[in-house]
There are 2 protein chains.
Amino acid sequence: MTVRQLSLPELANACWHSGVPGVGLWREPVQEFGVEAAAKLFKDAGLAVTTLCRGGFFTAVDPAERRRALDDNRAAIEEAATLGTDTLVLVSGGLPAGDKDLAGARERIADALAELGPYAAEHGVRLAIEPLHPMYAADRCVVSTLGQALDLAERFPAEQVGVCVDTYHIWWDDQAPAGIARAGAGGRLYSFQLADWTTPLPEGVLTGRGQLGDGSIDFAYWCDLVDRAGYAGPIEVELFNAELWARQDGEAVLRETAEAFRRVVPEAL
Amino acid sequence: MTVRQLSLPELANACWHSGVPGVGLWREPVQEFGVEAAAKLFKDAGLAVTTLCRGGFFTAVDPAERRRALDDNRAAIEEAATLGTDTLVLVSGGLPAGDKDLAGARERIADALAELGPYAAEHGVRLAIEPLHPMYAADRCVVSTLGQALDLAERFPAEQVGVCVDTYHIWWDDQAPAGIARAGAGGRLYSFQLADWTTPLPEGVLTGRGQLGDGSIDFAYWCDLVDRAGYAGPIEVELFNAELWARQDGEAVLRETAEAFRRVVPEAL
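**A look at the overall build of chain A**
Link 1 in the chain: Secondary structure assignment for chain A yields 11 helices and 9 strands.
Link 2 in the chain: Taken against the 2.2 N^0.38 rule, which gives 18 Å for 269 residues, the C-alpha radius of gyration of chain A at 18 Å falls within 12% of a compact globule.
Link 3 in the chain: Dimensions of chain A along its principal axes, counting C-alpha atoms only, are 45 × 40 × 40 Å.
Link 4 in the chain: Counting the 269 residues in chain A, one finds 50% classified as buried.

Below, the structure written as structure tokens:
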């Protein structure tokens, strides 16, 4: 998503040139390219598919909508398995229109996880609940803190449901360090993503994630916490950034991002 | 601030016509009008001054800047006393430019409170730390949760430092209900404010607070929590809303806001 202006073959090529060993993919471009074809593309390029993004959107009340969401998540699990990644990242969904019941919406997420967890396990896929910044609580994700994500995840087997920690969403939270330790100790720290916090936020607050090093986040601090929690998986960079997307030279964006990564992430990791 | 298009005399008049018994004031219009004159205006109108907003901005590192902030807060305390309110609301300040140390910034707030608490008490004024939504952590207020605000406040006497709870800032937080109970039990629930959460957020995320009832917040739920925590003080409405500000008919905005208040706040409160 950081370089969504690149086609999947361009992405594979650019990763190779920038020394990036793996990619987190989003479903839409994969579906357009063909899931099997994408799997072959990245396998042939020697690139790991680190995660697939995104399942989720579990908060509907309407039974037909809920059924559609479950069906769509089963398809996402199958796609993840085909791509060879063991992690499907979940954006859980916001409040239904007119609804003000956050606790109820969170409970409907649990209902969906109970149904999808075993299905994912059968396919060798784990479900990673991603807490999104509280500014998305109404319209995107009612899971706003790592603590909430873990409270949900821990109701299910540690092999089935865990969390995805993205610095952009949790950097402000003084409880998040304890949450990272808790996730690590419980075997639920499935994924770790980086983006920087820059201001002012753009209208709609979706496309203003900063390049690593341009904002307020102390990456060395968060990387160290994740390391001490026993995380040894990939570290992804996920920048929703309108300025980066507008650039024609997507390969240069990827290269600069890889350079920024090497500047902010301690070498030992 | 909800009807900042009104002059203070217009505000006093509009409150009278809408049956609003008190006003929370901001320093800038009060200073322009004259603090003593404003005090007399609202006293003569039979309107309580519920709070003065805002002190704070304690996070500077530079010693000269820190001295200026303390001086300015002493002036704010004196203004609050002159206006006859016992509560000065604090917006604590964001990260200094280039700084990434949230914990350090929070500690500098504590340093300032240690100095200002006794001064405020001498003037019959209490300092209310307002946690601001986490989306303001970088540029406005590093105190992002009610829990963080209470952790700070509880280092000082309960007569000196407490919290201001605004639904807009804490509605997403599943730990906030426990925080309200904790604030009430400790005698630190100084102020309660309402604004609704509406999306999409505008650029800069400052001026998109929704009219009561237009958004995602369950006011009956939060009012009940505050009531059960023993709060018997005023309930303020603070809407930063560019559309409301653009209207010429500020008195109608106030009247509509009072009507919205009566719809969403349980009658018993």
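**Re the sheet that holds strand β4 (residues 126-129) of chain B**
Within a sheet, adjacent strands bond to each other through the backbone by hydrogen bonds, running parallel or antiparallel.
Residue and element names in this part refer to chain B.
Link 1 in the chain: Ordered in space as β1-β2-β3-β4-β5-β6-β9, the 7 strands form an open sheet in which the pairing is parallel. In this open sheet, the two edge strands, each paired with only one partner strand, are β1 (22-26) and β9 (235-237). In this sheet, adjacent strand axes meet at a mean angle of 30 degrees when their direction is disregarded.
Link 2 in the chain: Relative to strand β2 (residues 48-56), β1 runs parallel, the two being bridged by 5 bridges. From the neighbouring strand, Gly-24 faces β2, where its bridge partner is Thr-51.

**Comments concerning the interface of chain A and chain B**
Link 1 in the chain: Chain A puts 24 residues into the contact, and the matching count from chain B is 23 residues.
Link 2 in the chain: In terms of residue class, the side of chain A that touches chain B is made up of 12 nonpolar, 6 polar and 6 charged.

**Re the nonpolar core**
Link 1 in the chain: Ranked by size, the top nonpolar core spans 168 residues in total, and within it Leu88(A), Ile129(A), Val163(A), Leu88(B), Ile129(B) and Val163(B) carry the most contacts.
Link 2 in the chain: The contacts of Ile129(A), once residues within four sequence positions are left out, are Leu90(A), Ser92(A), Val143(A), Ala149(A), Leu152(A), Ala153(A), Val161(A), Val163(A) and Cys164(A).

**Concerning the relation of the copies chain A and chain B**
Link 1 in the chain: With an RMSD of 0.0 Å, chain A superimposes on chain B once it is rotated by 180 degrees and translated 0.0 Å along the axis. Overall, the copies show the geometry of a two-fold rotation axis. Closest approach to the rotation axis within chain A is made by the C-alpha atom of Glu203(A), at a distance of 1.9 Å.
Link 2 in the chain: By residue overlap, the copies meet face to face through one surface: 96% of the interface positions of chain A are interface positions in chain B.

**Here's the deal with unusual backbone geometry**
Residue and element names in this part refer to chain B.
Link 1 in the chain: Arg-54 follows Cys-53 through a cis peptide bond whose omega is 10 degrees.
Link 2 in the chain: Position of Arg-54 among the secondary structure elements: in strand β2.
Link 3 in the chain: Geometrically, the link from Thr-199 to Pro-200 is a cis peptide bond, its omega value of 0 degrees lying close to zero.
Link 4 in the chain: One non-glycine residue, Phe-57, lies in the positive phi region at around 55 degrees.
Link 5 in the chain: Counting through the fold element by element, Phe-57 comes out in the loop between β2 and α4 (63-83).

**Regarding the packing of helix α1 (residues 8-18) of chain B against helix α3 (residues 35-44) of chain B**
The description of two helices packed together rests on the angle between their axes and the distance between the axes.
Residue and element names in this part refer to chain B.
Link 1 in the chain: Interhelical geometry of α1 versus α3 gives an angle of 15 degrees and a closest axis separation of 10 Å. One finds that α1 runs roughly parallel with respect to α3. Considering only the axes of α1 and α3, their crossing is right-handed. Touching Leu-8, Pro-9 and Ala-12 of α1 are Ala-38, Leu-41 and Phe-42, all from α3.

**Thoughts on helix α5 (residues 102-122) of chain B**
Residue and element names in this part refer to chain B.
Link 1 in the chain: Here α5 is 21 residues long and its end C-alpha atoms lie 31 Å apart, about the 30 Å a rise of 1.5 Å per residue gives.
Link 2 in the chain: Where α5 bends most, at Leu-116, the angle is about 35 degrees, and the proline Pro-118 comes one to four residues later.
Link 3 in the chain: Regarding α5, the residues found buried are Leu-102, Ala-105, Arg-106, Arg-108, Ile-109, Ala-112, Leu-113, Leu-116, Gly-117 and Ala-120.
Link 4 in the chain: Looking at the buried positions of α5, the neighbouring elements they touch are α4, β3 (87-91), β4, α6 (146-153) and β5 (161-166).

**Examining the pairing of strand β2 (residues 48-56) of chain A**
All names here are of chain A.
Link 1 in the chain: Of all 9 residues in β2, 8 are buried; the element is thus mostly enclosed.
Link 2 in the chain: Here 4 bridges tie β2 to strand β3 (residues 87-91), and the two strands are oriented parallel to one another. Looking across to β3, one finds that Cys-53 is bridged to Val-89.
Link 3 in the chain: As for the winding sense of the linkage, the β-α-β connection from β2 through helix α4 (residues 63-83) to β3 is right-handed.

Quick notes on the rules
- Residues numbered from 1 in each chain as written.
- Chains lettered and ligands numbered in written order.
- Predicted model: local features only at pLDDT ≥ 70, side-chain atom pairs only at ≥ 80, totals over all residues.
- Helix = DSSP H or I, 4+ residues; strand = E, 2+ residues; numbered from the N terminus.
- Rg over C-alpha atoms; globule rule 2.2 N^0.38 Å.
- Buried ≥ 20, exposed ≤ 12 C-beta atoms within 10 Å, placed from the backbone.
- Pairing = 2+ DSSP bridges.
- Axes fitted to C-alpha atoms, helices over the stretch in contact; angles between N-to-C directions.
- Contact = placed C-beta atoms within 7 Å.
- Nonpolar A, V, L, I, M, F, W, Y, C, P; charged D, E, K, R; others polar.
- Core = buried A, V, L, I, M, F, W, Y, C linked by C-beta atoms within 7 Å.
- Least-squares fit on C-alpha atoms with pLDDT ≥ 70 in both.
- Parallel < 35°, antiparallel > 145°, perpendicular 65-115°, else oblique.
- Left-handed = near helix turned anticlockwise from the far one by under 90°.
- Expected span 1.5 Å × (residues − 1).
- Bend = angle between axes of the 7 residues up to and from the residue.
- Right-handed = clockwise from strand over helix to strand, strands pointing away.

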